[in-house]
Amino acid sequence: MAAKAGADLVGLVGPMPSGAGIVTPDMCRRISDATPAWTTPVLLTSSETSEAIVHDVTAANVRAVQIVRHVDASVHADLARELPHVRRFQVIHVEDGSALDLIGTYGGVADAFLLDSGRPSAAELGGTGRVHDWQISAEFVRRSPLPVFLAGGLKPENVAEAIGTVRPFGLDICSGVRTPDDRLDPDSLRAFMDAVNAVA
């Protein structure tokens, strides 16, 4: 459904302490194997070591991974050696201006950043449905040497403002296009894509 709507990437949510749409490794692999060639499956993992992330990525059979914890930078270096064909998105949880300090930590080792509204201190690593301070995110984009994706509370009604304020490379959407029973909602997805295309 997401691929047909025009999504370039499809997130497959592995085990998480928070968030929606969590699927098993077997389901991740089944979705990944069935994804059209024009859409890249991305595994979201809360694992913190390179060994665990390699295991997660291999089990899901994906070509990209979104690392949702603020892991040690050496993890990225290890993954670059062990999984050279897999792109690595480092999530930055924008709780305050200190998020900007992490540009230097990961700017030379990750492939891209993703700004989200989690609170690692409260075991929230995504899927919160909350908007964070987009002014901080806009400054992050200005300083970042890497492409920056924006997540956190995005929905059809606010995505145009988000794009205009932050100017991200791409967008990550989850709870804003899901039904109350945690399914992807085709109407919300269509409305979101229409809103994005109206700005692009």
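Refer to the structure presented above.
Here we summarise the structure given alongside this text.

Conventions used here
- Residues numbered from 1 in each chain as written.
- Predicted model: local features only at pLDDT ≥ 70, side-chain atom pairs only at ≥ 80, totals over all residues.
- Heavy atoms only, no water.
- Phe/Tyr/Trp six-rings, centres within 6.5 Å; stacked < 30°, edge-to-face > 60°.
- Helix = DSSP H or I, 4+ residues; strand = E, 2+ residues; numbered from the N terminus.
- Buried < 20%, exposed > 50% of the residue type's maximum accessible area, 1.4 Å probe, protein only.
- Pairing = 2+ DSSP bridges.
- Right-handed = clockwise from strand over helix to strand, strands pointing away.
- Disulfide = S-S within 2.5 Å.
- Expected span 1.5 Å × (residues − 1).
- Arc of directions from axis to C-beta.
- Contact = heavy atoms within 4.5 Å.

Structural notes on the packing of aromatic side chains
Each aromatic ring pair is characterised by the separation of its centres together with the angle its planes make.
Working step 1: Taken as a whole and assessed by the stated rule, the structure comprises three aromatic pairs.
Working step 2: Ring plane angle 70° and centroid distance 5.4 Å describe the contact between F89 and F149, whose orientation is recorded as edge-to-face. Of this pair, F89 sits in strand β4 (residues 87–93) while F149 sits in strand β6 (residues 148–150), and the two are 60 residues apart along the sequence.
Working step 3: Accessibility expressed as a relative area gives 9% for F149, which makes it buried.
Working step 4: Where F113 meets F140, the ring centres are 4.9 Å apart and the plane angle is 90°; that geometry is what we call edge-to-face. With a gap of 27 residues between them, F113 in strand β5 (residues 112–116) and F140 in helix α6 (residues 134–143) connect regions that are remote in the sequence.
Working step 5: Through a chain of ring-to-ring contacts, three or more aromatic side chains come together here, namely F89, F149 and F169.

Observations regarding the pairing of β5
Working step 1: Of all the five residues making up β5, five are buried; the element is thus mostly covered by neighbouring parts of the structure.
Working step 2: The two faces of β5 match: A112, L114 and D116 on one face and F113 and L115 on the other face are all buried.
Working step 3: As paired strands, β5 and β6 are joined by three bridges and run parallel to one another. Looking at β6, one finds that L114 is bridged to F149.

A closer look at the pairing of strand β3 (residues 64–67)
Working step 1: Residues A64 and Q66 line one face of β3 and the alternating positions V65 and I67 line the opposite face, and both faces are buried.
Working step 2: When strand β2 (residues 40–45) meets β3, the two strands line up parallel, connected through four bridges. Counted as the bridge partner of V42 is A64 from β3.
Working step 3: For the segment spanning β2, helix α3 (residues 50–60) and β3, crossover handedness is right-handed.
Working step 4: Inspection of the sheet shows β3 paired to β4 by four bridges, in the parallel sense. Residue pairing in the sheet places Q66 in a bridge with F89 of β4.
Working step 5: Traced from β3 through helix α4 (residues 73–82) to β4, the parallel crossover comes out right-handed.

Notes on the state of the cysteines
Working step 1: Enumeration over the complete set of coordinates arrives at zero disulfides.
Working step 2: Of all cysteine sulfurs, the one in C174 lies closest to C28, which takes part in no disulfide; the gap is 13 Å.
Working step 3: A relative accessible area of 1% places C28 in the buried class.

Some thoughts on helix α8 (residues 186–199)
An α-helix turns once per 3.6 residues; consequently, residues spaced three or four apart project the same way.
Working step 1: The terminal C-alpha atoms of α8 lie 20 Å apart, and with 14 residues this matches the ideal 20 Å at 1.5 Å per residue to within 8%.
Working step 2: Within α8, burial applies to L189, F192, M193, A195 and V196. On an axial view of α8, the arc spanned by its buried residues comes to 160°, and they lie on one face.
Working step 3: The secondary structure elements touched by the buried residues of α8 are α1 (2–5), α7 (159–166) and β7 (170–171).

Read these as spatial facts, not as claims about activity.
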